[in-house]
Amino acid sequence: MEAINIYLNFCLYHGTRLEDGKKILRERIFLPSIGERHWLGNGVYFFEREEDAKDWSLRYGSYIILEVDVVVQEERFFDLINESHRTIFYEVMERLISEAKNRGIE
């Protein structure tokens, strides 16, 4: 029997510096943010609520909020609001922290 792919559709919001937003619109590519200040590491972050994207972007001074239609296979969607997904996240995080400590990495 052939596997059935289920797709999820989302309208999400990405807040960024005005100049970066213009570049995204021009080149149609989101470049990941890199550094220590991100919740879950390097990547491109989206919000379900436009107001949350705005709150995040206020730190930039001059900013833009981009509305993005995202389509993702259900099996590739990991939702930290979902309790079972969040539990998996914390279990993996604790295991990785423990392994790092065992190797002398803080």
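Structure: see above.
None of the values given here were measured: they were computed from a predicted structure.

(A) Highlighting the overall build of the protein chain. Regarding its fold elements, the protein chain presents three helices and two strands. In the protein chain, the succession of helices and strands from N to C terminus is β-α-α-β-α. Over its C-alpha trace the protein chain gives a radius of gyration of 17 Å, far above what one expects of a compact globule, namely 13 Å for 106 residues. Its C-alpha atoms put the protein chain at 45 × 45 × 25 Å along the principal axes. Within the protein chain, the fraction of its 106 residues that count as buried is 17%. Counting only contacts in the protein chain whose residues sit at least 6 apart along the sequence, the fraction spanning at least 24 positions is 66%. When the accessible area of the protein chain is evaluated, it comes to approximately 8,800 Å², of which 51% is carbon and sulfur surface. For the protein chain, the distance from the average site of its 14 positive side-chain charges to the average site of its 20 negative ones is 7 Å.

(B) Region of the structure containing the pattern of salt bridges. Counted under the stated rule, the structure contains three salt bridges. Asp20 serves as the salt-bridge partner of Arg17, at 3.6 Å between the closest nitrogen and oxygen. Using a relative accessible area of 33% as the deciding quantity, one classes Asp20 as partly exposed. Close ionic contact of Glu19 with Lys22 constitutes a salt bridge, the shortest N to O distance being 3.6 Å. Separated by three residues within a single helix, Glu19 and Lys22 lie in helix α1 (residues 18-27), roughly one turn from each other. For Glu19, a relative accessible area of 53% puts it in the exposed group. By relative accessible area, which is 39% here, Lys22 ends up partly exposed.

(C) Region of interest: the packing of aromatic side chains. Scanning all chains against the criterion turns up three aromatic pairs. Note on Phe89 and Tyr90: the rings are 5.4 Å apart at their centroids and 70° apart in plane angle, and the pair reads as edge-to-face. Classification of Phe89 by relative accessible area gives partly exposed; the value is 25%. Judged by its relative accessible area of 42%, Tyr90 falls in the partly exposed class. One Lys or Arg, Arg59, reaches over the ring of Trp56 and ends 3.8 Å from the middle of that ring.

Rules and cut-offs
Residues numbered from 1 in each chain as written. Predicted model: local features only at pLDDT ≥ 70, side-chain atom pairs only at ≥ 80, totals over all residues. Heavy atoms only, no water. Helix = DSSP H or I, 4+ residues; strand = E, 2+ residues; numbered from the N terminus. Rg over C-alpha atoms; globule rule 2.2 N^0.38 Å. Buried < 20%, exposed > 50% of the residue type's maximum accessible area, 1.4 Å probe, protein only. Contact = heavy atoms within 4.5 Å. Areas by Shrake-Rupley, 256 points an atom, 1.4 Å probe, with all protein chains shown as cover. Lys, Arg positive; Asp, Glu negative; His and termini not counted. Charge placed at Lys NZ, Arg CZ, Asp CG, Glu CD. Salt bridge = Lys/Arg side-chain N within 4 Å of Asp/Glu carboxyl O. Phe/Tyr/Trp six-rings, centres within 6.5 Å; stacked < 30°, edge-to-face > 60°. Lys NZ or Arg CZ within 6 Å of the ring centre and 35° of its normal.

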